[in-house]
Amino acid sequence: MMSTRCLSPALAWLGALALCMAAPSAPASLGGNAASIASDSTALGGTHTIERAAGWEVHVLRLPFGVVVREYLHGETVFAVAWSGRTLPNLRQLLGTYFEPYVESPRAHGAHHHRREVTTPDWVVQSVGHHGGFLGRAWLRNALPAGFDLETLRAW
Amino acid sequence: MLTRGLTVSFLLLAACGGQKSENGPDAGDAGVVNNTAPLLVDIGPPEADAYNTAYTTVTICRPGTNVCQTIDHIQVDTGSSGLRIISTVLDPSLMLPQEMQGSSPVFECYQYVDSFNWGPVATADVQFAGETAAALPIHIAGGTTTAAPSDCSSVGSEGDTVASLGANGIVGVDQETADCGSDCASTPPASPDYYTCTGATCTPAVVAIEDQVTNPVSRFAQDNNGVVLQLPAIDPSGAVTVTGSLIFGIGTQSNNGLGEAQILTIDDVNGYFTTVFNGQMLTSSYIDSGTDSYDFPDSTITQCTDDLEGFYCPASTLSLTATNVGMNQVSVMTTFSIANTNTLFSSATDTAFNDLGTTALMPGYFGWGLSFFFGRSVFTAITNANTPGGPGPYFAY
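Residues numbered from 1 in each chain as written. Chains lettered and ligands numbered in written order. Predicted model: local features only at pLDDT ≥ 70, side-chain atom pairs only at ≥ 80, totals over all residues. Heavy atoms only, no water.

Student: Even after reading the chapter, I still don't get helix α2 (residues 34-44) of chain A, so can you show me in this structure?
Tutor: For an α-helix, 3.6 residues make a turn, and residues three or four places apart therefore share a direction. Residue and element names in this part refer to chain A. Taken residue by residue, α2 has Ser36, Ile37, Ser39, Asp40, Ser41, Ala43 and Leu44 as its buried positions. Sitting at the head of α2, Asn33 places a side-chain oxygen 3.0 Å from the backbone nitrogen of Ala35. Just downstream of α2, Gly45 is the residue with a positive phi angle, here 80 degrees. (Buried < 20%, exposed > 50% of the residue type's maximum accessible area, 1.4 Å probe, protein only. Helix = DSSP H or I, 4+ residues; strand = E, 2+ residues; numbered from the N terminus. Polar contact = N/O pair within 3.5 Å; in protein donor to acceptor, adjacent residues only side chain to side chain.)

Student: Please explain the interface of chain A and chain B as it appears in this structure.
Tutor: Size of an interface: often given as the accessible area lost when the parts come together. On the side of chain B, 57 residues touch chain A, which itself brings 47 residues to the contact. Of the roughly 4,500 Å² buried where chain A meets chain B, counting both sides, 58% is carbon and sulfur surface. We note a salt bridge from Asp295 of chain B to Arg115 of chain A, for which the minimum N-O separation is 2.5 Å. Counting across the chain A and chain B interface gives 10 residue pairs in polar contact (both at pLDDT 80 or more). (Contact = heavy atoms within 4.5 Å. Buried area = accessible area lost by both parts, 1.4 Å probe. Salt bridge = Lys/Arg side-chain N within 4 Å of Asp/Glu carboxyl O.)

Student: It is not clear to me how the environment of Gln75 of chain B should be interpreted in this structure. Could you clarify?
Tutor: All names here are of chain B. Within the secondary structure, Gln75 sits in strand β5 (residues 68-77). You can call Gln75 buried: its relative accessible area is 6%. Aside from chain neighbours lying at most four places away, what touches Gln75 is Thr53, Ala54, Tyr55, Leu165, Ala167, Gly169, Ile170, Val171, Ser289 and Gly290.

Student: For this particular structure, what's the right way to read the domain arrangement of chain B?
Tutor: All names here are of chain B. Splitting chain B by domain gives domain 1 (2-219) and domain 2 (258-396). Once you take the C-alpha centre of each, domain 1 and domain 2 turn out to be 27 Å apart. Contact with domain 1, which involves 21 residues of that partner, is made by 24 residues of domain 2. Taken together, the two surfaces of domain 1 and domain 2 that pack against each other cover about 1,500 Å², and 52% of this comes from carbon and sulfur. Ranking the residues of domain 1 by area buried against domain 2 places Tyr51, Asn52 and Gln175 at the top, with a combined share of 51%. Our count for the domain 1 to domain 2 interface comes out at 0 salt bridges. Between the two partners, domain 1 and domain 2, sit 13 residue pairs in polar contact (both at pLDDT 80 or more). No other element matches the 3 residues that β5 contributes to the side of domain 1 that touches domain 2. For the side of domain 1 that touches domain 2, the per-class residue count stands at 8 nonpolar, 9 polar and 4 charged. (Domains from an automatic or database assignment. Nonpolar A, V, L, I, M, F, W, Y, C, P; charged D, E, K, R; others polar.)

Pasting the structure below:
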């Protein structure tokens, strides 16, 4: 089953304006469900397609700023997300309850801002790159379906 | 409509790291100018506690005047474009004119992987060594009580302090000219970088390319087709300070010829080339002086533990080889060493390491960070600029 939803550039522009003026309040995706992917899609704008794999679905969001987000859904749980693009997606939206602990997590060494990893017993966030080229991903360690290969968790 | 010339005094504290002078840039002798600025690797400004970070010194002046300030410890970054200064190091009496659209000031939100810089765009005459970029749009990081729009700020923490940036400012000298380009000049903008703010309300703004925060090199009167980062070779155990050169221009003077350097052209969207390492095709690879280490995937190398998790800690130093392949299909075999990070960091004073490695966080890339730059001349050629090696964008070494 393939569902596609497109927003016109004008609507995406309005969406960007709305995002700019008010913080998104929709439930966010990592750890969320199919409904939260839909609300991500609405909040972030762009198009939404679904790829089916053995045992899970990959929801591909193509966002207005050339950003690609892939959300991995198994059963009722988004167990992983990945992103790439010239700019970063709205990680507060995408990481949801994991965003604040990710941001607040202490930095190990130095002040280099081209690489960031936060690892906990329950979840991992990894992000690298520079302005004009960002790559990143996050996953819930205990929610990975059998047979899922982290090497395939990427949006680039 | 864009208007300039309204002078807004940033409410800032004078701080260390800068000194105000009444000596503006020289009018500029006809002919050869000094195209060599210092390139220094050290512990950084107070609170930075930096390592593998390369700095230079800039003089910024109120446009068309001799009211200037010299600021040291500006990080040199081949992975971004444009000059950003932490607002607290600016002398308030500089009174740089803020960029305006009508009666609304222009702000920028500039993203890094884990943080962002937010603040107004101002214009300044910007001088490195004998080179000047007149009325250059620059980014004042911080210096505003207006909150950053969530569309941009929802990537991490605000990084508008010297401690957070690890520098008094940063100068991006990558292959780009404007830091956003046509994405921010189109209607509606295709990137969430620029805003105009009225009171506390900010809305996305269309900003013409020439009014965006811009790589100063591209605005020099000469030596404006790229840069060379030159750092001397250092001892594998590390060095306390390293002094080299940030040279402007490629093949424009006797000190910046390509020589034997090989040219790797890059993809003009993301700046990537391909690194082939251990049979892996790493197609999102880059050379970046703003990254500290060799950042690459090798599951056979022992990783460090505890607070050095992510760094490599081999029992003895490894000599490795990778091949970099440009979009032009030129291949450059490159050897590098990876030492034990625990051992390197056991020095209380060393800040420069040519053999520091980190494990790539995800598949598909090799980041050639500052470790790679020691003992080399690394060239970055600006997109569409003519050089003796052909037009940019490219890296060469």
